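Each chain, written out:
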Amino acid sequence: EAMNDRVTVSIDQGVADVRLVRADKMNALDDAMFEALIETGTRLKTERGVRAVVISGEGRAFCAGLDMGNFQRTADAGRDPRPSGRLLPRTNGIANRPQYAVWVWREVPVPVIAAVHGVAFGGGFQLTLGADMRFVAPDTKMSVMEIKWGLVPDMAGTVILRNLVRDDVLRDLTYTGRIFDGEE
(Lines give C-alpha, C1' and ligand atoms only; values in the text may rest on other atoms or scores of the structure.)
Protein backbone atom coordinates (compact mmCIF):
# COMPACT_ATOMS: atom_id res chain seq x y z
CA GLU A 1 0.00 0.00 0.00
CA ALA A 2 1.28 3.52 -0.67
CA MET A 3 1.98 5.79 2.27
CA ASN A 4 1.96 8.63 -0.24
CA ASP A 5 3.61 9.07 -3.64
CA ARG A 6 7.11 8.64 -2.14
CA VAL A 7 7.06 5.39 -0.13
CA THR A 8 5.18 2.10 -0.44
CA VAL A 9 4.83 -0.62 2.18
CA SER A 10 3.75 -4.19 1.69
CA ILE A 11 3.77 -6.77 4.45
CA ASP A 12 4.16 -10.44 3.61
CA GLN A 13 4.76 -13.19 6.17
CA GLY A 14 5.92 -10.72 8.79
CA VAL A 15 8.35 -8.82 6.54
CA ALA A 16 7.56 -5.18 5.77
CA ASP A 17 8.93 -4.26 2.33
CA VAL A 18 9.46 -0.47 2.46
CA ARG A 19 10.34 1.08 -0.91
CA LEU A 20 11.29 4.58 -1.87
CA VAL A 21 9.30 5.09 -5.09
CA ARG A 22 10.61 8.24 -6.67
CA ALA A 23 12.68 6.41 -9.27
CA ASP A 24 12.59 9.29 -11.79
CA LYS A 25 14.60 11.37 -9.26
CA MET A 26 16.74 8.44 -8.02
CA ASN A 27 14.61 8.53 -4.85
CA ALA A 28 15.99 11.96 -3.90
CA LEU A 29 14.92 13.41 -0.56
CA ASP A 30 12.42 16.26 -0.49
CA ASP A 31 9.90 17.33 2.15
CA ALA A 32 7.36 14.76 0.96
CA MET A 33 9.97 11.97 1.18
CA PHE A 34 10.98 13.02 4.70
CA GLU A 35 7.31 13.00 5.73
CA ALA A 36 6.68 9.60 4.12
CA LEU A 37 9.73 8.05 5.82
CA ILE A 38 8.63 9.38 9.22
CA GLU A 39 5.01 8.26 8.74
CA THR A 40 6.13 4.80 7.60
CA GLY A 41 8.67 4.28 10.39
CA THR A 42 6.24 5.55 13.01
CA ARG A 43 3.55 3.18 11.77
CA LEU A 44 5.91 0.19 11.70
CA LYS A 45 6.96 0.80 15.31
CA THR A 46 3.56 -0.54 16.38
CA GLU A 47 2.42 -2.62 13.39
CA ARG A 48 1.29 -6.02 14.70
CA GLY A 49 2.81 -9.08 13.08
CA VAL A 50 5.85 -7.33 11.60
CA ARG A 51 9.02 -9.26 12.43
CA ALA A 52 11.48 -7.47 10.11
CA VAL A 53 11.67 -4.43 7.82
CA VAL A 54 13.57 -4.13 4.54
CA ILE A 55 14.12 -0.63 3.08
CA SER A 56 15.11 -0.32 -0.57
CA GLY A 57 14.83 2.07 -3.48
CA GLU A 58 12.94 1.56 -6.75
CA GLY A 59 14.75 2.00 -10.02
CA ARG A 60 18.48 2.43 -10.43
CA ALA A 61 19.34 3.86 -6.98
CA PHE A 62 18.69 3.45 -3.29
CA CYS A 63 18.70 7.24 -2.75
CA ALA A 64 20.68 10.02 -4.43
CA GLY A 65 20.44 12.29 -1.36
CA LEU A 66 18.82 15.70 -1.06
CA ASP A 67 16.81 16.87 -4.06
CA MET A 68 19.03 19.90 -4.54
CA GLY A 69 16.94 21.10 -7.50
CA ASN A 70 13.86 21.21 -5.28
CA PHE A 71 15.66 23.19 -2.58
CA GLN A 72 17.25 25.47 -5.22
CA ARG A 73 13.82 26.27 -6.74
CA THR A 74 12.60 27.28 -3.28
CA ALA A 75 15.62 29.56 -2.81
CA ASP A 76 15.24 30.99 -6.35
CA ALA A 77 11.64 31.91 -5.53
CA GLY A 78 13.04 34.16 -2.81
CA ARG A 79 12.12 31.83 0.04
CA ASP A 80 14.68 30.33 2.38
CA PRO A 81 14.47 26.54 1.90
CA ARG A 82 14.89 26.15 5.67
CA PRO A 83 11.52 26.78 7.36
CA SER A 84 12.86 29.00 10.15
CA GLY A 85 15.43 30.75 7.96
CA ARG A 86 18.22 29.34 10.12
CA LEU A 87 17.83 25.96 11.78
CA LEU A 88 15.02 23.47 11.31
CA PRO A 89 12.80 23.23 14.38
CA ARG A 90 13.06 20.10 16.48
CA THR A 91 9.84 18.27 15.83
CA ASN A 92 10.67 14.83 17.25
CA GLY A 93 12.33 15.17 20.66
CA ILE A 94 15.87 16.32 19.97
CA ALA A 95 15.54 15.71 16.21
CA ASN A 96 14.21 17.81 13.35
CA ARG A 97 12.24 16.22 10.50
CA PRO A 98 15.17 15.24 8.22
CA GLN A 99 17.05 13.79 11.21
CA TYR A 100 14.00 11.86 12.36
CA ALA A 101 13.47 10.42 8.86
CA VAL A 102 16.71 8.50 9.56
CA TRP A 103 16.46 8.03 13.34
CA VAL A 104 12.89 6.66 13.33
CA TRP A 105 14.25 3.36 11.92
CA ARG A 106 16.39 3.01 15.06
CA GLU A 107 13.17 3.06 17.09
CA VAL A 108 11.47 0.23 15.16
CA PRO A 109 11.60 -2.73 17.60
CA VAL A 110 12.36 -5.37 14.95
CA PRO A 111 15.43 -5.76 12.69
CA VAL A 112 15.58 -3.09 9.98
CA ILE A 113 17.64 -3.96 6.90
CA ALA A 114 18.70 -1.53 4.20
CA ALA A 115 19.06 -3.24 0.79
CA VAL A 116 21.30 -0.77 -1.03
CA HIS A 117 22.08 -0.53 -4.74
CA GLY A 118 23.01 2.09 -7.32
CA VAL A 119 23.91 5.14 -5.25
CA ALA A 120 23.48 6.22 -1.64
CA PHE A 121 24.78 9.79 -1.48
CA GLY A 122 24.57 12.32 1.35
CA GLY A 123 21.20 12.02 3.06
CA GLY A 124 20.63 8.77 1.16
CA PHE A 125 23.77 7.31 2.72
CA GLN A 126 22.63 8.57 6.12
CA LEU A 127 19.28 6.82 5.58
CA THR A 128 21.15 3.50 5.21
CA LEU A 129 22.71 4.17 8.62
CA GLY A 130 19.28 4.29 10.27
CA ALA A 131 18.89 0.58 9.54
CA ASP A 132 20.27 -2.07 11.89
CA MET A 133 22.05 -3.76 8.98
CA ARG A 134 23.08 -2.76 5.48
CA PHE A 135 23.37 -5.19 2.60
CA VAL A 136 25.12 -3.31 -0.19
CA ALA A 137 25.62 -4.41 -3.81
CA PRO A 138 29.39 -4.39 -4.51
CA ASP A 139 29.12 -1.77 -7.28
CA THR A 140 27.03 0.66 -5.19
CA LYS A 141 28.52 4.16 -5.01
CA MET A 142 28.26 5.86 -1.62
CA SER A 143 29.41 9.17 -0.18
CA VAL A 144 29.07 11.41 2.85
CA MET A 145 28.61 14.13 0.25
CA GLU A 146 27.49 17.10 2.35
CA ILE A 147 30.98 18.70 2.34
CA LYS A 148 30.50 19.53 -1.35
CA TRP A 149 27.84 22.08 -0.29
CA GLY A 150 29.62 23.17 2.89
CA LEU A 151 27.09 21.27 5.00
CA VAL A 152 27.49 19.00 8.02
CA PRO A 153 26.01 15.49 7.59
CA ASP A 154 23.38 16.22 10.24
CA MET A 155 20.62 13.74 9.42
CA ALA A 156 21.81 11.57 12.36
CA GLY A 157 24.64 10.19 10.20
CA THR A 158 27.59 11.29 12.32
CA VAL A 159 25.90 10.13 15.52
CA ILE A 160 25.33 6.64 14.08
CA LEU A 161 28.47 6.30 11.93
CA ARG A 162 30.82 6.90 14.87
CA ASN A 163 29.63 3.57 16.29
CA LEU A 164 30.18 1.73 13.00
CA VAL A 165 33.64 2.85 11.86
CA ARG A 166 36.86 4.11 13.41
CA ASP A 167 37.06 7.83 14.09
CA ASP A 168 39.70 8.40 11.39
CA VAL A 169 37.53 6.67 8.79
CA LEU A 170 34.52 8.80 9.79
CA ARG A 171 36.61 11.96 9.45
CA ASP A 172 38.07 10.89 6.09
CA LEU A 173 34.62 10.19 4.63
CA THR A 174 33.09 13.36 6.09
CA TYR A 175 35.93 15.77 5.27
CA THR A 176 36.61 14.53 1.73
CA GLY A 177 33.15 13.59 0.49
CA ARG A 178 34.90 10.94 -1.60
CA ILE A 179 32.85 8.30 -3.33
CA PHE A 180 33.48 4.73 -2.16
CA ASP A 181 31.96 1.50 -3.40
CA GLY A 182 30.01 -1.27 -1.74
CA GLU A 183 33.04 -3.52 -1.39
CA GLU A 184 34.86 -0.92 0.72
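As shown above, the structure is provided for reference.
A brief look at the structure comes next. (Residues numbered from 1 in each chain as written. Predicted model: local features only at pLDDT ≥ 70, side-chain atom pairs only at ≥ 80, totals over all residues. Heavy atoms only, no water.)

Turning next to the side chain of Ser143. For Ser143, the position within the fold is in strand E9 (residues 141–143). Taking the relative accessible area as the measure of exposure, Ser143 reaches 0% and is therefore buried. Setting aside its immediate chain neighbours within four residues, Ser143 contacts Ala120, Phe121, Gly122, Phe125, Gly177, Arg178, Ile179 and Phe180. (Helix = DSSP H or I, 4+ residues; strand = E, 2+ residues; numbered from the N terminus. Buried < 20%, exposed > 50% of the residue type's maximum accessible area, 1.4 Å probe, protein only. Contact = heavy atoms within 4.5 Å.)

Strand order in this open sheet of 3 strands is E7-E9-E10, and the pairing throughout is mixed. Strands at the two margins of the open sheet, each flanked by one partner only, are strand E7 (119–121) and strand E10 (180–181). Where E7 lies against E9, 3 bridges are found, and the strand directions are parallel. Bridge pairing in E9 places Val119 opposite Lys141. The strands touched by helix H4 (residues 123–130) within the sheet are E7, E9 and E10, with E7 carrying the most contacts at an inclination of about 100°. (Pairing = 2+ DSSP bridges. Axes fitted to C-alpha atoms, helices over the stretch in contact; angles between N-to-C directions.)

So, about unusual backbone geometry. Not every positive phi belongs to a glycine, and Gln13 is a case in point at roughly 50°. Judged by relative accessible area, Gln13 falls into the exposed class, the value being 67%. If you check the backbone angles, Met26 has positive phi at about 50° while not being a glycine. By the element assignment, Met26 lies in the loop between strand E2 (15–20) and helix H1 (31–44).

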